[in-house]
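# Structural description and commentary
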Amino acid sequence: NKFPLYAPAIHGRSQNSSLYTWWTFGENRTFLLSACHDRLPMLRDAVSGDWIGSFQGHKGAVWSCQMDETGSLAATASGDFSARLWDAVTGQSLLELPHSHIVKTCVFSPSSKRLATGGKEALLRVYDLPKLLLNKNKDNSGDGGGKPAPSLQIKQDSPITKLAWLSDTELLCACQNGKIYLWNTAAEAPPSTPVHTFDTQEPAEIRDMEVRVVSPSGTRILTVAAGSKVYFFDTSTYALLKSYTMPVHFKEEGGCTLHPSGTKFVAGGSDLWVRVFDFETGAELECHKGHHGPIRCVRYSPDGKSYASGSEDGTIRLWKTDLKEAAAGKQ
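Below you will find a few notes about this structure.

Basis of the calculations
- Residues numbered from 1 in each chain as written.
- Predicted model: local features only at pLDDT ≥ 70, side-chain atom pairs only at ≥ 80, totals over all residues.
- Heavy atoms only, no water.
- Helix = DSSP H or I, 4+ residues; strand = E, 2+ residues; numbered from the N terminus.
- Buried < 20%, exposed > 50% of the residue type's maximum accessible area, 1.4 Å probe, protein only.
- Contact = heavy atoms within 4.5 Å.
- Pairing = 2+ DSSP bridges.
- Phe/Tyr/Trp six-rings, centres within 6.5 Å; stacked < 30°, edge-to-face > 60°.
- Lys NZ or Arg CZ within 6 Å of the ring centre and 35° of its normal.
- Axes fitted to C-alpha atoms, helices over the stretch in contact; angles between N-to-C directions.

Scanning the chain from N- to C-terminus turns up 2 helices and 28 strands. Sorting the 331 residues of the chain into buried and exposed places 53% on the buried side. Counted over contacts in the chain with a minimum sequence separation of 6, partners at least 24 positions apart contribute 46%.

Of the two faces of strand β4 (residues 42-45), the one holding Met42 and Arg44 and the one holding Leu43 and Asp45 are both buried throughout. Counting the residues between successive antiparallel strands, the hairpin from strand β3 (residues 29-36) to β4 contains 5 residues, one of them, Arg39, with a positive phi of roughly 80 degrees. Across 3 bridges, the pairing between β4 and strand β5 (residues 51-54) is antiparallel. Of the residues in β5, the one forming a bridge with Met42 is Ser54. Counting the residues between successive antiparallel strands, the hairpin from β4 to β5 contains 5 residues, one of them, Gly49, with a positive phi of roughly 85 degrees.

To continue, consider the packing of aromatic side chains. Under the criterion given, the structure shown has 11 aromatic pairs. Relative to Tyr238, the ring of Phe198 has its centre 5.7 Å away and its plane inclined at 85 degrees; by these criteria the two rings are edge-to-face. Placement of Phe198 in strand β17 (residues 196-199) and of Tyr238 in the loop between β20 (229-234) and β21 (240-245) is noted, with a sequence separation of 40 residues between them. When its relative accessible area of 2% is taken as the criterion, Phe198 is described as buried. Given the relative accessible area of 28%, Tyr238 is considered partly exposed. Three or more aromatic residues link up through ring pairs in this structure, and these residues are Phe232, Tyr244, Phe265, Phe277 and Phe279. Here Lys104 stacks its cationic end above the ring of Trp63, 4.4 Å away from the centre of that ring.

What follows deals with the sheet that holds strand β16 (residues 179-184). The strands making up a sheet associate through backbone hydrogen bonding, with each pair oriented either parallel or antiparallel. Within the open sheet, the 4 strands sit side by side as β14-β15-β16-β17. Their pairing is antiparallel. Only two strands of the sheet have a single partner each, and these edge strands are β14 (160-165) and β17. When strand polarity is set aside, the average angle formed by the axes of neighbouring strands in this sheet is 20 degrees. Pairing of β14 with strand β15 (residues 170-175) involves 5 bridges; the strand directions are antiparallel. Across the sheet, Ile160 pairs through a bridge with Cys175, a residue of β15.

Another aspect to go through is the sheet that holds strand β10 (residues 103-108). Reading across the sheet, the 4 strands line up as β10-β11-β12-β13 and stay open at both edges, with antiparallel pairing between neighbours. Because the sheet does not close on itself, it has two edges, and the strands there are β10 and β13 (152-155). Shown here is a sheet whose adjacent strand axes are inclined to one another by a mean of 15 degrees, direction ignored. Of the strand pairs in this sheet, β10 and strand β11 (residues 114-119) are connected by 5 bridges, and their pairing is antiparallel. Note on β11: the bridge partner recorded for Val103 is Gly119.

Below, the discussion takes up the environment of Ser192. Mapped onto the secondary structure, Ser192 falls in the loop between β16 and β17. A sequence separation of 38 residues divides Ser192 from Ile154, and the C-alpha atoms of the two residues are 8.6 Å apart.

Right, here's the structure in full:
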């Protein structure tokens, strides 16, 4: 059951792609924002792969990137000990958020009013963006305002690898110790204990984490890649729905993404292949060749009609979900 279908490669990355995010504008256009160790996050057309623009300013590898729900803002996390907020339309750097160590992840809240960051410091930071932007305007006008500071900080037991919001106040924080902590960030004072802890029961670093509401059930599922396994949790009941041992490991790279229908998932990691699995059974459905380096990340598009894979070989490949459509396009 192997289908070595051709997937168009997006070149132009001088080093490995570390993470990317999809964003749909209205009904007609979808964009792909990619982060890379070459310090230049890139925005592309997600269908054609055409380059649109780059965000210039970081002095170290960019480990994470995201666009907000409106498509007007972008955020990046970098090895230069900073996170940045960008105007996604003009590419202008709006805010530089200093940290004391490498920043591995950043994520907008659903309302786009808050930005969470985390990394090697094992310190979860939450920023109030309207307040920071207002203070920056005061600085520019000579009224003062000071350096941008987080509105909330929560110390973690282990360095942070991934973050994901469930709501404007509920925030998931994945760490190197194999645990994911659910924090309530509504209060101004840091909470003393998390609302819940999702535990993979092994000390492997959480390499990837994704939250998706599947259709038509409306169930919100947390997808996790760690060690040599993938895990699926119900975020409402906290129950472990499924867990499968993969033919690859996620110790140094890789990830997992669930299809919007909740019927299958894609995983990639320590080898060169991108695989599709059945959600209910864990059976391998497809295996795709094309990359020349280990897989760093995988993500389904918002509509589920395609998915992207980023690799150590410096390329991102776009794959069609429907095999018949992919085969017809190859002819």
